[in-house]
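Working through the structure, step by step
Listed here are the chains, written in short residue letters.
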Amino acid sequence: MLIDAHTHLDKYAAELDSALEDIDRHHVFTVAVAMDVPSYRRSLEIGDECNLVLPTFGIHPRRAPEYVDHLSDLVPFIEQSPAIGEIGLDFHWVKESSQYPAQLKVLEYFLAAAREQNKMVNLHTKGAEKQVLDLLERYDIQRAIVHWYSGPMDILRALVQFGAYFTVGVEVSYSDTIQAIAREIPEHRLLTETDNPGGLKWLKGVVGMPADIQNVIDVIARLRNSSAEWVARTVHKNFLRMIKDDAWLKDIRAILLQSER
Ligand SMILES: [Zn+2]
């Protein structure tokens, strides 16, 4: 079984059915993160259609200003969700620094909940890698997936030291920086993602599909002088280790263990 640890399945339009078929056909366990409340509701509906899809609730940093004054309204969604994401900070694409305090407040709210409820988190860190590291330390959250990391190498190493996992995604085919990062991530912290459907759309103008995870795996294998089978097996093992004692993800663990050969 392949692992796609960061996607936005709710953003598929007409292609959703073929995406779900793709997930089944290629056995891609898929974490479907949310940007906000409507996208979480949609992910839940999609999750009902496919047992390889794990919907998770979060408020994306870009949505933070809309939610920052109503955080307690989010409690039922947070409590219902077996993991947290997408959450984080974006000080790169979001240019208006007036929004940063709202981003921080929302992120801290979710990290406090994740700590209390012992849930893994799925993080966006663009241009704020050091701030996210500091907050993970402050809230003592080791079970963190850092998605599409593109920041400085010293912070990457500090995040590794702290315990974080990293998803390498579709940009690994096109970017020297991402290739260097894909080589640097230690074997036991490596995960894979597509950020579907938007990842490839942003890079190449085409709608990403679940089967594209195989290409990510192939490129990582080439970069690390190993085989695609080794990368897939390693990522599978890493994800299982991360959720080993997670009471919220027992069913997921069973599905992943079943697929182990
Ligand atoms: Zn995302």
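1. Regarding the coordination of the zinc ion
A four-donor tetrahedral metal ideally has 109.5 degree angles, and a six-donor octahedral metal ideally has angles of 90 or 180 degrees. Only His6 (NE2), His8 (NE2) and Glu86 (OE) from the protein reach the zinc ion as donors, at distances of 2.1 to 2.3 Å. For the zinc ion, all donor residues lie on one chain, and their spacing in sequence is H-x1-H-x77-E. Of this pair, histidine 8 sits in the loop between strand 1 (2-7) and helix 1 (16-26) while glutamate 86 sits in strand 4 (residues 84-88), and the two are 78 residues apart along the sequence. Judged on exposure class, the residue histidine 8 and its partner glutamate 86 are both buried.

2. Digging into the packing of helix 10 (residues 212-223) against helix 11 (residues 228-242)
Their axes nearest at 8 Å, the elements helix 10 and helix 11 cross at an angle of 110°. Taken together, the axis directions place helix 10 and helix 11 in an arrangement best described as roughly perpendicular. Helix 10 and helix 11 meet at a crossing whose hand is right-handed. Across the interface between the two elements, Gln214, Ile217, Asp218, Ile220 and Ala221 from helix 10 touch Ala228, Val231 and Ala232 from helix 11. Broken down by class, the residue content of the contact of helix 10 with helix 11 amounts to 6 nonpolar, 1 polar and 1 charged.

3. Considerations on helix 7 (residues 153-162)
Looking at helix 7, one finds that the buried residues are Ile155, Leu156, Leu159, Val160 and Phe162. In a view along the axis of helix 7, the buried residues occupy a sector of 160°, so they form one face of it. In helix 7, the exposed positions that point more than 90 degrees away from the buried face belong to Asp154 and Gln161.

4. Regarding the environment of phenylalanine 29
Among the secondary structure elements, phenylalanine 29 is positioned in strand 2 (residues 28-32). On the accessibility criterion, phenylalanine 29 (0% relative accessible area) is buried. In this structure, the C-alpha to C-alpha distance between phenylalanine 29 and leucine 256, residues 227 residues apart in sequence, is 8.1 Å. Sequence-distant contacts of phenylalanine 29, defined by excluding residues within four places in its chain, comprise Met1, Leu2, Ile3, Asp4, Leu52, Leu54, Phe239, Ile252 and Leu256.

5. Let's talk about helix 2 (residues 37-49)
For the α-helix, the turn length of 3.6 residues means that residues three or four positions removed from each other point alike. Between its first and last C-alpha atoms helix 2 spans 19 Å; for 13 residues at 1.5 Å apiece the expected length is 18 Å, and the two agree. For helix 2, the complete set of buried residues consists of Val37, Ser39, Tyr40, Ser43, Ile46 and Gly47. Of the surrounding secondary structure, the elements contacted by the buried residues of helix 2 are helix 1, strand 2, strand 3 (53-55), helix 3 (64-67) and helix 4 (75-80).

6. Concerning empty space enclosed by the protein
In total, this model carries 1 cavity of 30 Å³ or more according to the counting rule given. The volume enclosed by the largest cavity comes to roughly 40 Å³. Considering the residues around the largest cavity, the lining is formed by Trp148, Tyr149, Thr167, Val168, Gly169, Ile178 and Ile181. When contributions to the lining of the largest cavity are tallied by element, the ones reaching two or more residues are strand 7 (165-168) and helix 8 (176-184). Split by residue class, the lining of the largest cavity holds 5 nonpolar, 2 polar and no charged.

7. With respect to the pairing of strand 5 (residues 121-124)
Of the two faces of strand 5, both are covered, the one formed by Val121 and Leu123 as well as the one formed by Asn122 and His124. The pairing of strand 4 with strand 5 spans 4 bridges and is classified as parallel. The partner of isoleucine 84 across the bridge, within strand 5, is valine 121. Handedness of the crossover is the feature at issue here: the chain leaves strand 4, passes through helix 5 (residues 100-117), returns alongside strand 5, and the resulting connection is right-handed. Examined bridge by bridge, strand 5 and strand 6 (residues 144-147) share 3 bridges and lie parallel to one another. Bridging from a neighbouring strand, valine 121 pairs with alanine 144 of strand 6. Handedness of the crossover is the feature at issue here: the chain leaves strand 5, passes through helix 6 (residues 129-139), returns alongside strand 6, and the resulting connection is right-handed.

Definitions and cut-offs
Residues numbered from 1 in each chain as written. Predicted model: local features only at pLDDT ≥ 70, side-chain atom pairs only at ≥ 80, totals over all residues. Heavy atoms only, no water. Donors = N, O, S within 2.8 Å, 3.2 Å for Na, K, Ca; no water. Helix = DSSP H or I, 4+ residues; strand = E, 2+ residues; numbered from the N terminus. Buried < 20%, exposed > 50% of the residue type's maximum accessible area, 1.4 Å probe, protein only. Axes fitted to C-alpha atoms, helices over the stretch in contact; angles between N-to-C directions. Parallel < 35°, antiparallel > 145°, perpendicular 65-115°, else oblique. Left-handed = near helix turned anticlockwise from the far one by under 90°. Contact = heavy atoms within 4.5 Å. Nonpolar A, V, L, I, M, F, W, Y, C, P; charged D, E, K, R; others polar. Arc of directions from axis to C-beta. Expected span 1.5 Å × (residues − 1). 1 Å grid on protein atoms, 1.4 Å probe; cavity = no way out; pocket = protein on both sides within 12 Å on 5 of 7 lines; lining within 4 Å. Points joined across faces, edges and corners; volume = space filled by probe spheres on them. Pairing = 2+ DSSP bridges. Right-handed = clockwise from strand over helix to strand, strands pointing away.

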